[in-house]
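Single-letter residue listing:
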Amino acid sequence: MADAAVLPATPAARRAPGRFWIVPPAALLALLFFYPLALIVQQAFLDDSGMANVAEFVRVLHARFFLNALINTITISVAATAGCLIVGLVLGLILAFVPFPGSGVIARLIDTFIALPTFLVTLAFTFIYGSAGMLNAGLMEVFSLQAPPVDFLYSTWGVVLAEVTVYSPFVLRPLLAAFSLVDRGQIEAASVLGARPFRIVRQVILPAAVPALIAGGSLCLLLTVNEFGIVLFIGAKGVITLPLLIYSKAIQESAYQVACIIAVINIALSLGLFGLYRFAAGRLGV
Amino acid sequence: MSVPAFTGSNVMDVDAAKIRGAGSNVHFDKVSVAYGAHVVLHPLTLDIAPGEILAMIGPSGSGKTTALRAVAGFVRPASGRIRIGATDVTDLPPYERGLGMVVQNYALFPHMRVEDNVAFGLRAQGADKALIGERVKDSLATVGMSGFSKRYPRELSGGQQQRVAIARALAVRPRVLLLDEPLSALDAQIRRNMVEEIAKLHRDLPGLTILYVTHDQTEALTLADKIAIMRDGRVSSHGPTTELYRRPPNRFTAEFLGRANLLPVTVAEGAAGPKGLAKAKLGDAVLAGAGRSEKPGDRTLLCIRPQHLSLTGDEEHTNRIVGTLKEVHWQGELTHLVLDVDGTPVRVSATRLPVSLPERGSAMPLFFTPGDTSLVPEDVRG
Amino acid sequence: MLVWSRSGRMLIWAAFALVFGVLFLAPLAVILLSSLADQWNGVLPSGLTFEHYTDVAQGAAWKAVKASLITGFLASALALVSGTWAALALRIQDATLARVLGVLFFIPSAVPSVSVGLGLLVAFSHPPLLLNGTIAIVMVAHFVLISAFTFGNVSAGLARLSPDFEQVASSLGARPAYRLWHVTLPLLAPYLVAAFGLSFALSMGELGATVMVYPPGWVTLPVSIFSLTDRGDVFAGAALTIILVAATLVLLLGLERLAGRQTR
């Protein structure tokens, strides 16, 4: 790695000897990630005898189970992202502009959610909102009900709520960074001039937050499309998403070609959203 | 924050003797630098003599920093050669050039103590331990930072950090010391002190060749033996400091180096006599000033510095112009007057004012000595 | 500063407490509570017990913790080396190539983890590269998934590093290797520690790829939590989750203190 850090920003200066240092990490990534990725694509278009076969691909595309999973995935992703944006914005505004003693600690606590496993929230939700959970038990006791009244957890909305919890920190984080750059004097001046809080939020704060919202939002889209743990843990029959479908086809049914076909589509969708995120983040300098 | 002066000169002389005589000359031979199609430095030929301080000054984007970085080896010339002493360093990597460099933001290594920062270059070059210890001690003493060797950079003020940065550069006994805007990050007051102390450092280390890049003309005027004024990637003028100031070869130099009043005049008589005085006409007034090779009838500029204009005439102040008083700004030590002379604004810096100034709008004579005046050709470009 | 009236602020803080409480605090509290719950049929558990912890401690917990820690450590260490190496090496490439390669190094973070697992199964299930059924395939899956994060963290650190440090170092005679070791890497240390911590945490919680590729006998914490809850043993699952969260937090806090000491 000796020559690995020859001077940055040097026009054509002494680059030649160092340029091969990129090969080891690039080769490692190519072998362990891009090669398997290419094989997935290859498998998607080959049948068991190794012949090129597009028919299976087309068949999966038209299959009920696939279309359902695709619609589920997109619905959940869009709804969860919208939720993340709202929750992130509300929490961010309060943390940044109506701070309270300990708000810094709270902000960091929310931040550590990024590092926690996603299925934790689902597990907790089953204790709270599950059919035998706290909420239902309480409601049944108070209103003397026979059956649990709340059962959204095992639907799309249960997944959405869990994903909002897990992914709103990804909106909150860039948002707080953007808010820290907003000129406090400007807000105070506007207040002195009699502007009401909503007006200040709309005219001064939100414009500054737009880049962070777009970047955080597109990241949420990407992560929610790829989310696996939450959906697996809720385990509702009706809520199958693309990643879950890949898992069940490959591991439970050993239908590798079908799994690869779905994976190709899921990966294409993810890469598209990744491109959107990179474009938004790069364009807006986040 | 107060900045302690460099230590007493008796200590200095001992250290200086050890460092003295390290300097080499630097030669730019048609050096040009381009980023793609964008030329940032047009072929530059320039020599810095051993032990000389050359200040490169100019506005940002003029190529001065690029020239310094080419010497350091961070920028590869598109053409031309750079020699330091007898060595052609054009193709050498920075770490084989034997330089010392000080940058605007000090760039002290934050994870190292002051002594380790100063020792860095020698350790990197594999010097033996005893030599390193001795050099670190000497270099820190030279910049008056002996008591700070165990501190971390963050525990020092800006001025102190810059002293350590200079000590770090001196410790490797550089053939050339490169100073890249070294004082720009400091407060005005500390900057003035540091300029004087760098001047003192150079008096004590007269063998040290210094390339000093700055946009501040005061630093350049105070420190430099020679100045190169850069503009749009070219040397606009180059010469001994006092010479450039007294006889600016072009308008850009006159205006960039100090303040200048430039009156458009017509040459009446070419330079003559032992002092090389020419005569030029401004309206009806005939004025004498140091000329070059102007011919009668040439239109040119008469350069006169604000502090050389006097409100009263005598035998020496024989040139006389008349202007209309426009503004008076009293600034304590100096009073700045602005007059209108034939449509050209003329600034006067007066240390002493007559008992009563004429009212604004009224006519007022100004006097100056021919020897303080020179004829400056109008720039061809802009 | 936005809301000046006392009552208005109280109202807003109450709203914050509600959202924060329902979304973030409640899940953690409930997991903790359920890991200690004796029986839970009503609103609150009927009693508290450490039984679930002792149960999982006798069961697979210790093995799962060990598998997760070893996987996390090795995968993060490899990702740190590879990510740092890549970020440093990218600086000396042509601008265009560097941009393209930079995006390629980020792509693993964009691909669904299940697909990464699937790809590894497809690619490494037969000789000469037979990894399927070994512990190595779990390490590889985790390495691939976290490599983008270490690369991103280190790249961000490098971008923030003033070029002055390295340039002054080389002008003073430091060769590239010396400069890398004594200037660049120490200055990057806080980013390296942060990258390692984040990778480790991500690895500890990884489920999608692991569940695709794990061999028998190398069951990580998330996988064993899933199999416990899937069997209906939710209280034991909660206890194991608390162990996972505690391990992750201890690790992160420890590394944060380490990073803090280095920058101080």
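Quantities reported herein were computed from a predicted structural model and do not represent experimental measurements.

Moving on, we come to the overall build of chain B. Counting its regular elements, chain B contains nine helices and 19 strands. Taking the principal axes of the C-alpha coordinates as reference, chain B spans close to 75 × 50 × 40 Å. When each of the 382 residues of chain B is scored for burial, the buried share is 53%. In chain B, the proportion of contacts linking residues at least 24 apart, taken out of those at least 6 apart, comes to 70%. Here chain B displays about 16,600 Å² of accessible surface, and carbon together with sulfur accounts for 50% of that area. Counting 45 positive and 41 negative side-chain charges, chain B places the centres of these two groups 4 Å from one another.

Before going further, it helps to examine the interface of chain A and chain C. Contact residues are listed per partner, giving 91 residues for chain A and 90 residues for chain C. Of the roughly 8,200 Å² buried at the junction of chain A and chain C (both faces included), carbon and sulfur atoms supply 81%. Viewed at the interface, chain C and chain A are joined by one salt bridge. For the salt bridge of Asp-94 of chain C with Arg-19 of chain A, the shortest nitrogen-to-oxygen distance reads 3.5 Å. On inspection of chain A and its partner chain C, the count reaches five residue pairs in polar contact (both at pLDDT 80 or more). Looking at the side of chain A that touches chain C element by element, the count peaks at 15 residues for helix H1 (residues 23–44) of chain A. Of the residues belonging to the side of chain A that touches chain C, the class tally is 74 nonpolar, 10 polar and seven charged.

Residues and elements named next belong to chain B. The final tally for this structure, using the stated rule, is 15 salt bridges over all chains. Across the salt bridge formed by Arg-81 and Asp-88, the nearest N and O atoms sit 2.9 Å from each other. Looking at Asp-88, the relative accessible area reads 31%, which means it is partly exposed. Taking the shortest distance from any N to any O, the salt bridge between Asp-204 and Lys-200 comes out at 3.5 Å. Placement of the pair is Asp-204 and Lys-200 together in helix H6 (residues 188–204), with a separation of four residues, close to one helical turn. Relative accessible area serves as the criterion here: at 23%, Lys-200 is assigned to the partly exposed category. Connected through shared salt-bridge partners, Arg-76, Arg-81, Asp-88 and Asp-91 make up one network.

Residue and element names in this part refer to chain A. Burial in helix H8 (residues 184–192) covers these residues: Ile-187, Ala-190 and Ser-191. One side of H8 holds all its buried residues, which, seen down the axis, span an arc of 100°. Each element contacted by the buried residues of H8 is listed here: helix H3 (64–97) and helix H9 (197–226). Phi for Gly-194, located one or two positions after H8, is positive at around 95°.

The final tally for this structure, using the stated rule, is 25 aromatic pairs over all chains. Centroid distance Phe-228 of chain A to Tyr-247 of chain A: 5.4 Å. Interplanar angle 75°. Geometry classified as edge-to-face. Pair noted here: Phe-228 of chain A is in the loop between H9 and helix H10 (229–234) and Tyr-247 of chain A is in helix H11 (residues 242–252), with a separation of 19 residues, a long-range link. Residue classification places Phe-228 of chain A among the buried residues on the basis of a relative accessible area of 3%. Lying across the ring of Tyr-245 of chain B, Arg-305 of chain B places its NZ or CZ 4.0 Å from the centre.

Let us now look at the side chain of Asn-266 of chain A. Locating Asn-266 of chain A in the fold gives a position in helix H12 (residues 256–284). Among all residues touching Asn-266 of chain A, those that are not within four sequence positions of it are Val-225, Asn-226, Leu-242, Pro-243 and Ile-246 of chain A together with Pro-112 and Ser-115 of chain C.

Residue and element names in this part refer to chain C. Domain boundaries in chain C define domain 1 (1–49) and domain 2 (59–263). For domain 1 and domain 2, the distance between their C-alpha centres works out to 33 Å. In this complex, domain 1 contributes six residues to the contact, which on the side of domain 2 involves five residues. With both chains or domains summed, domain 1 and domain 2 bury close to 510 Å², and 83% of this area falls on carbon and sulfur atoms. Broken down residue by residue, the surface that domain 1 buries against domain 2 is led by Ile-31, Ser-34 and Ser-35, which jointly contribute 61%. Across the domain 1-domain 2 interface, the total number found is zero salt bridges. If you look at where domain 1 meets domain 2, you find zero residue pairs in polar contact (both at pLDDT 80 or more).

Residues and elements named next belong to chain B. Reading across the sheet, the six strands line up as E6-E7-E8-E3-E9-E10 and stay open at both edges, with mixed pairing between neighbours. On the outer flanks of this sheet lie strand E6 (99–103) and strand E10 (234–240), each paired with one strand and no other. Neighbour-to-neighbour, the strand axes of this sheet turn through a mean angle of 15°, independent of strand direction. Taken together, the five bridges between strand E3 (residues 53–57) and strand E8 (residues 209–214) define a ladder with parallel strand orientation. Considered in E8, the bridge of Ile-53 is made with Ile-210.

Right, let's get into the interface of chain C and chain B. Frequently, the measure chosen for interface size is the accessible area removed from exposure when the parts meet. Opposite the 19 residues of chain C that make contact, chain B presents 24 residues. Carbon and sulfur atoms make up 66% of the surface buried where chain C meets chain B, a total of about 1,900 Å² over both sides. Where chain C meets chain B, there are one salt bridge. The salt bridge involving Glu-96 of chain B is made with Arg-175 of chain C; its shortest N-O contact spans 3.1 Å.

All names here are of chain A. The contact between helix H5 (residues 119–129) and helix H7 (residues 156–180) brings their axes to 10 Å, and the two run at 130°. Considered as vectors, H5 and H7 are oriented oblique to each other. With respect to the hand of their crossing, H5 and H7 are arranged in right-handed fashion. Listed contacts from H7 to Val-121, Thr-122, Phe-125 and Tyr-129 of H5 are Leu-161, Ala-162, Thr-165 and Val-166. Of the residues belonging to the contact of H5 with H7, the class tally is six nonpolar, two polar and no charged.

Residue and element names in this part refer to chain B. Judged by how many residues are buried, strand E9 (residues 226–231) sits mostly within the fold: five of six residues are covered. In this structure, E3 lies alongside E9, joined through four bridges in parallel fashion. By the bridge assignment for E9, Leu-54 is matched with Lys-226. Remark: two residues form the turn of the hairpin made by E9 and E10, two consecutive strands paired antiparallel; Asp-232 in that turn has positive phi of roughly 50°.

Time to look at the layout of surface pockets. The computed volume of the second largest pocket comes to approximately 680 Å³. What lines the second largest pocket is a set of 29 residues, and nearest its centre among them are Leu-232, Phe-233, Ile-234 and Gly-235 of chain A together with Asp-230 of chain C. Of all the secondary structure elements, the ones that give two or more residues to the lining of the second largest pocket are H5, H10 and H11 of chain A together with helix H10 (221–230) and helix H11 (234–263) of chain C. Class assignment of the residues belonging to the lining of the second largest pocket gives a composition of 17 nonpolar, 10 polar and two charged.

Reading the values: the criteria
- Residues numbered from 1 in each chain as written.
- Chains lettered and ligands numbered in written order.
- Predicted model: local features only at pLDDT ≥ 70, side-chain atom pairs only at ≥ 80, totals over all residues.
- Heavy atoms only, no water.
- Helix = DSSP H or I, 4+ residues; strand = E, 2+ residues; numbered from the N terminus.
- Buried < 20%, exposed > 50% of the residue type's maximum accessible area, 1.4 Å probe, protein only.
- Contact = heavy atoms within 4.5 Å.
- Areas by Shrake-Rupley, 256 points an atom, 1.4 Å probe, with all protein chains shown as cover.
- Lys, Arg positive; Asp, Glu negative; His and termini not counted.
- Charge placed at Lys NZ, Arg CZ, Asp CG, Glu CD.
- Buried area = accessible area lost by both parts, 1.4 Å probe.
- Salt bridge = Lys/Arg side-chain N within 4 Å of Asp/Glu carboxyl O.
- Polar contact = N/O pair within 3.5 Å; in protein donor to acceptor, adjacent residues only side chain to side chain.
- Nonpolar A, V, L, I, M, F, W, Y, C, P; charged D, E, K, R; others polar.
- Arc of directions from axis to C-beta.
- Phe/Tyr/Trp six-rings, centres within 6.5 Å; stacked < 30°, edge-to-face > 60°.
- Lys NZ or Arg CZ within 6 Å of the ring centre and 35° of its normal.
- Domains from an automatic or database assignment.
- Pairing = 2+ DSSP bridges.
- Axes fitted to C-alpha atoms, helices over the stretch in contact; angles between N-to-C directions.
- Parallel < 35°, antiparallel > 145°, perpendicular 65-115°, else oblique.
- Left-handed = near helix turned anticlockwise from the far one by under 90°.
- 1 Å grid on protein atoms, 1.4 Å probe; cavity = no way out; pocket = protein on both sides within 12 Å on 5 of 7 lines; lining within 4 Å.
- Points joined across faces, edges and corners; volume = space filled by probe spheres on them.

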